[in-house]
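Listed below are the residues making up each chain.
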Amino acid sequence: MKEKTTDLHRCWAEIDLAAFERNVRSIQSAIPPEVHYIAVVKANAYGHGLPQIVRRLMQCGVDYFAVANTTEAAEIRQMGIGWPILILSPVLPEEMDCLIEDDLISTVSCAEEAVQLNALGKRRGIPMKAHLKVDTGMGRLGIWYEQALALIHTIDGMPDISLEGIYTHFSSADTDAAYTAKQRERFIQVLEKAGQRDWLVHADNSAGLESYTSDTSFNAVRMGLLQFGVHPYPDSALGRVSVEPVISFHSRIGLIKNLPAGTPISYNKTYTLEKDSTIGILTAGYGDGVPLGLSNCGHVLIRGQRCPILGRVTMDQTVVDLTGGRSVQVGDRATFIGNDPEQPLPVAEVSKAATSIPWETLCNITKRVVRTYTGMREM
Ligand SMILES: *Cc1c(COP(=O)(O)O)cnc(C)c1O
């Protein structure tokens, strides 16, 4: 195993930007050239580091970004003017001025939001950019599809809103194709009623891309998870877009000790040693993003061996079983999420073991974890 001690920290994540770029290219070639690629980079680019990921996306020619809030948008805006940035979540009243400062595009889900945005545009003297969101059965943001046409007409009468797009979100693209088809159908109904418009029209997330066909009237896709090399379907065969893992997540062995059979391990005695054992105490816990759900069921990789996690994962430390394995020593690397092709420990597998989902596992890698980057481009 190649390992430079200079790359080691107590707990760190390695992000392979070259692999990330290959994923972006793979997605780009799966969609027709006229279809816009909206890169979803909310939550610190799914834990991968917003500026590094956004810079690489800009270098790849991605021309549209989407984030959850105005703070994330401001970080992108600092990196370049001109790139359209869509805010996916509701904007609170005190955040409205940021829309002007950073020239952002907001999402409108109801008439009240439209009224406020129109007033803001009037005050500014330039119309505010917006996309209308349609709820086709997600039950979260958006105007219910049966009321969408009325809201479109209301906004048509508002001179200080420039409606540039319309979108919907699939709730079950990874689990229920029939329901997704129904949502698509409802969305298309709204588009047909609205008539010919010069809008950016988008619905597909990563899972939606798998069933995406270019004969739809949609001219953009919103890509999140797939960019980071994780297929939204953990149990199915790989989808038609081939991607590779981008992040790996490691810590170290901080202490090794022997304990007798019968000793309970970690908080609340959820595990008791069945035999005399050698345990390793790793220098990371849920305070770093090790899922609590891995307590008593997850594994880490140490020198190519899978070592079971014993007892409850704690805030700063995790206990693993080293009994009977190859010899290890304090300071050795322990991998929670790995992308070594010979010894993979994929995000999807870890998330499943933790009864979580890959989106959460990635977002939960905390600030305390040092991000290191490989595969940088000369620019
Ligand atoms: C997060 C998000 C996406 C991206 O979803 P993935 O499944 O990660 O591709 C797309 N659209 C909206 C509205 C989102 O909130």
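Residues numbered from 1 in each chain as written. Predicted model: local features only at pLDDT ≥ 70, side-chain atom pairs only at ≥ 80, totals over all residues. Heavy atoms only, no water.

### Here we look at the site of the ligand
Inference 1: Around the ligand lies a shell of 13 residues, among which K42, Y46, S206, R222 and L225 are the nearest.
Inference 2: Taking H169, its side chain carries an N or O atom lying 3.5 Å from a nitrogen atom of the ligand.
Inference 3: A distance of 2.5 Å separates an oxygen atom of the ligand from a polar atom in the side chain of S206.
Inference 4: Contact with the protein chains removes 92% of the 390 Å² of surface that the ligand exposes when unbound.
Inference 5: Within the shell around the ligand, the residues separate by chemical class into five nonpolar, four polar and four charged. (Near = heavy atom within 4 Å. Polar contact = N/O pair within 3.5 Å; in protein donor to acceptor, adjacent residues only side chain to side chain. Areas by Shrake-Rupley, 256 points an atom, 1.4 Å probe, with all protein chains shown as cover. Nonpolar A, V, L, I, M, F, W, Y, C, P; charged D, E, K, R; others polar.)

### Comments concerning the pairing of strand β1 (residues 11-16)
Inference 1: The sheet contact formed by β1 and strand β11 (residues 247-259) spans five bridges and is antiparallel. Bridged to I15 within β11 is I247.
Inference 2: Bridging between β1 and strand β17 (residues 370-374) involves five bridges; their strand directions are parallel. Opposite I15, over in β17, you have Y373 as the bridge partner. (Pairing = 2+ DSSP bridges. Helix = DSSP H or I, 4+ residues; strand = E, 2+ residues; numbered from the N terminus.)

### A word on the domain arrangement of the chain
Accessible area lost when the parts come together is the quantity often used to give the size of an interface.
Inference 1: Domain annotation of the chain identifies domain 1 (31-228) and domain 2 (246-374).
Inference 2: Once you take the C-alpha centre of each, domain 1 and domain 2 turn out to be 38 Å apart.
Inference 3: Each side of the interface is counted separately: domain 1 has 11 residues, and domain 2 has eight residues.
Inference 4: Taken together, the two surfaces of domain 1 and domain 2 that pack against each other cover about 900 Å², and 68% of this comes from carbon and sulfur.
Inference 5: Among the residues of domain 1 in contact with domain 2, Y46, H48 and L225 are the three that bury the most area, contributing 51% of the side total.
Inference 6: Taken together, the connections running from domain 1 to domain 2 amount to zero salt bridges.
Inference 7: Taken together, the links from domain 1 to domain 2 amount to three residue pairs in polar contact (both at pLDDT 80 or more).
Inference 8: A total of three residues in the side of domain 1 that touches domain 2 trace back to one element, the largest contributor, which is helix α2 (residues 42-46). (Domains from an automatic or database assignment. Contact = heavy atoms within 4.5 Å. Buried area = accessible area lost by both parts, 1.4 Å probe. Salt bridge = Lys/Arg side-chain N within 4 Å of Asp/Glu carboxyl O.)

### Re the state of the cysteines
Inference 1: Within the structure shown, the criterion is met by zero disulfides.
Inference 2: There is no disulfide at C11, and the cysteine sulfur nearest it, in C363, is 16 Å away.
Inference 3: We classify C11 as buried; its relative accessible area is 4%.
Inference 4: C307 forms no disulfide, and the closest cysteine sulfur to it belongs to C297, at a distance of 15 Å. (Disulfide = S-S within 2.5 Å. Buried < 20%, exposed > 50% of the residue type's maximum accessible area, 1.4 Å probe, protein only.)

### Considering the environment of G331
Inference 1: Tracing the chain through its elements places G331 in the loop between β15 (318-321) and β16 (333-337).
Inference 2: Its relative accessible area of 18% is what places G331 among the buried residues.
Inference 3: Between the alpha carbons of G331 and L8 there is a distance of 8.8 Å; along the sequence they are 323 residues apart.
Inference 4: Not counting residues within four places of it along the chain, the set of residues in contact with G331 comprises L8, R252 and I253.

### Here's the deal with the packing of helix α1 (residues 17-30) against helix α3 (residues 50-59)
Axes are the key here: two packed helices are described by the angle between their axes and the distance separating the axes.
Inference 1: Across the interface, α1 lies against α3 with an axial gap of 10 Å and an inter-helix angle of 45 degrees. By the angle class used here, α1 and α3 are oblique. Judged by the sense of rotation from one axis to the other, the crossing of α1 with α3 is right-handed. Residues L17, A18, F20, E21, V24 and R25 of α1 pack against Q52, I53, R56, L57 and Q59 of α3.
Inference 2: Of the residues belonging to the contact of α1 with α3, the class tally is six nonpolar, two polar and three charged. (Axes fitted to C-alpha atoms, helices over the stretch in contact; angles between N-to-C directions. Parallel < 35°, antiparallel > 145°, perpendicular 65-115°, else oblique. Left-handed = near helix turned anticlockwise from the far one by under 90°.)

### Overview of the layout of surface pockets
Inference 1: Approximately 600 Å³ is the volume attributed to the second largest pocket.
Inference 2: Along the walls of the second largest pocket sit 28 residues, with K42, Y46, R140, H169 and W359 positioned nearest its centre.
Inference 3: Only α2, α9 (206-209) and α11 (358-363) provide two or more residues apiece to the lining of the second largest pocket.
Inference 4: Residue contributions to the lining of the second largest pocket reach at least three from each of two domains, namely domain 1 (31-228) and domain 2 (246-374). (1 Å grid on protein atoms, 1.4 Å probe; cavity = no way out; pocket = protein on both sides within 12 Å on 5 of 7 lines; lining within 4 Å. Points joined across faces, edges and corners; volume = space filled by probe spheres on them.)

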